[in-house]
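Geometric and topological summary
As a plain string of letters, each chain reads:
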Amino acid sequence: MNQLETPPSTLKAAVMTAAAALVWIALYGNLELLAESLLHVTGLPRTTSFGEAVYFFLFEVPKVMLLLTAVVFVMGVVHTFVSPERTRALLSGRRVGTGNALAAMLGMVTPFCSCSAVPLFIGFLQAGVPLGVTFSFLIAAPMVDGVALFLLLGMFGWRIALTYVLLGFLIAVISGLAIERLRLEGELEEWVQKLQKGDASAHDDGVALSWNDRFREGLASVRSIVGKVWLFIVLGVGLGSAVHGYVPEEFMVTIMGKDAWWSVPAAVALGVPMYTNIVGVLPVAEALIGKGAAIGTVMAFMMSVIALSAPEMIILRKVLKPRLIAVFAGIVASGIVIVGFVFNLIL
């Protein structure tokens, strides 16, 4: 065979991967239609709270699973080119905070909700990215994005929009730095720790592997990682669906409208069990403010809904040990409470 010719096995793997990618794109681009069709089969009207909750579940589970599969496959292939050791060496040369800031900025330009950001979080760990840097991304991705900025501008004006974006960015960076300083890598689940360390000798930074081998590595990563976390994704999204559409606005206004020191932490506690993205929670925030709730208290509630959702914690439990989840939630919640007080103070 001529050296320039592509081996049949590699060509077959490339064709199959391309076909799978087309199927993925078709499915991801039609998630709403798929969810509506499945809901129609159940006979439930979407106009009811229960019907909306079921629709939300049917939409979110495939979305998160598709994202997880794609990210893990790509990172599995990338892993054959660049070993975790090289990735860590690359990032260790940066000044403290630079990696966190870059990860937070990456999160700000990716339109993911908290559960959808988890696949990339796992992908970063798989590539050997430091734990604190991955958390900066995980916090920033759902909390701030371009769409949210424009919606905030339209609803509340430039002062609130820019203050929200700046404080959200700072929470992501500072929280990531704090988690990195605590050296909690041992609080990752054992299978994730093994994933981080990788096996560089198996592929020698990509020198010895064919494309067919690389695709196989990607598929092996999908089988290994998706097989471990899929049930937690279903449970997490299921919890989010159970509360979706049942937002008790009137009750929350009675809490958030009071001029008391505990209103901000109470709003954060109320927001954690709920699950939506920033676009979904903004109309609720606008309605609460319109009914007399304090701006800072509502912003704290909004941040807790999108950055500390209980469904996200359930999914993360397969990746992180309880202590690390508690530290992550505690640090981010503290930052959000401070942001709420700052908003109430300056606006």
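If you look at soluble globular proteins, the nonpolar side chains tend to sit buried side by side. With 85 residues, the main nonpolar core has Phe121, Phe135, Met143, Tyr164, Leu320 and Phe328 as its most contacted residues. Among the nonpolar cores identified, the runner-up in size contains 8 residues, and Ala35, Tyr55, Phe59 and Leu66 belong to it.

With that settled, consider a nonpolar patch on the surface. Judged by side-chain polarity, Val23, Leu27, Leu34 and Leu38 come together as a nonpolar surface patch covering roughly 300 Å² of accessible area. Elements with a contribution of two residues or more to the nonpolar patch: α1 (8-29) and α2 (31-42). Residue position: Leu34 is located in helix α2.

Below, the discussion takes up the packing of aromatic side chains. Tallied over the full model, the rule gives 5 aromatic pairs. Grouping aromatic residues by their ring pairs yields a cluster made of Phe121, Phe135 and Phe328. The ring of Tyr55 has Arg46 sitting right over it, with the charged end atom 3.6 Å from the ring centre.

Let us now look at unusual backbone geometry. Residues other than glycine seldom take positive phi values, yet Arg183 does so here, at roughly 55°. Note that Arg183 resides in the loop between α9 (158-181) and α10 (190-197). The class of Arg183 is exposed, set by a relative accessible area of 60%.

We now examine the confidence of the model for the protein chain. Mean pLDDT for the protein chain: 76, with 75% of residues reaching 70 or above. Mean pLDDT values for the elements of the protein chain range from 52 in helix α4 (residues 84-92) up to 91 in α2. Ignoring residues within four places in sequence, the model shows residues 1-5, a span with pLDDT below 50, making 3 contacts including any to other chains.

Moving on to the pattern of salt bridges. Once their charged atoms are close, side chains differing in charge can pair, the charge on each being opposite to the other. As enumerated under the stated definition, the model contains 5 salt bridges in all. Between Glu180 and Arg183 there is a salt bridge, with the nearest N and O atoms lying 3.7 Å from each other. Since its relative accessible area comes to 19%, Glu180 is described here as buried. One continuous salt-bridge network, built from bridges that share partners, spans Glu36, Arg46 and Glu52.

Now for helix α13 (residues 263-271). Taken residue by residue, α13 has Ser263, Val264, Ala267, Val268 and Gly271 as its buried positions. Projection of α13 onto a plane perpendicular to its axis shows the buried side chains occupying an angular sector of 140°, all on one side.

This part covers the environment of Ala35. Here Ala35 shows up in helix α2. Classification of Ala35 by relative accessible area gives buried; the value is 0%. Separated by 27 residues in the primary sequence, Ala35 and Pro62 have C-alpha atoms spaced 9.0 Å apart. If we skip the residues at most four places from it in the chain, Ala35 touches Tyr55, Leu58 and Phe59.

Where helix α15 (residues 295-307) meets helix α17 (residues 322-346), the closest approach of the two axes is 7 Å, and the angle between their N-to-C directions is 155°. Put simply, α15 runs roughly antiparallel to α17. Crossing angle aside, the handedness with which α15 passes α17 is right-handed. Of the residues in α17, those in contact with Ile295, Gly296, Thr297, Met299, Ala300, Met303, Ser304 and Ala307 of α15 are Phe328, Ile336, Val339, Gly340, Phe343 and Asn344. Considered class by class, the residues forming the contact of α15 with α17 number 9 nonpolar, 5 polar and no charged.

Each value, and the rule that gives it
- Residues numbered from 1 in each chain as written.
- Predicted model: local features only at pLDDT ≥ 70, side-chain atom pairs only at ≥ 80, totals over all residues.
- Heavy atoms only, no water.
- Core = buried A, V, L, I, M, F, W, Y, C linked by side-chain atoms within 4.5 Å.
- Buried < 20%, exposed > 50% of the residue type's maximum accessible area, 1.4 Å probe, protein only.
- Patch = residues over 30% accessible without salt bridge, like charges linked within 9 Å, V, L, I, M, F, W, Y side chains within 5 Å.
- Areas by Shrake-Rupley, 256 points an atom, 1.4 Å probe, with all protein chains shown as cover.
- Salt bridge = Lys/Arg side-chain N within 4 Å of Asp/Glu carboxyl O.
- Helix = DSSP H or I, 4+ residues; strand = E, 2+ residues; numbered from the N terminus.
- Phe/Tyr/Trp six-rings, centres within 6.5 Å; stacked < 30°, edge-to-face > 60°.
- Lys NZ or Arg CZ within 6 Å of the ring centre and 35° of its normal.
- pLDDT = per-residue confidence, 0-100.
- Contact = heavy atoms within 4.5 Å.
- Arc of directions from axis to C-beta.
- Axes fitted to C-alpha atoms, helices over the stretch in contact; angles between N-to-C directions.
- Parallel < 35°, antiparallel > 145°, perpendicular 65-115°, else oblique.
- Left-handed = near helix turned anticlockwise from the far one by under 90°.
- Nonpolar A, V, L, I, M, F, W, Y, C, P; charged D, E, K, R; others polar.

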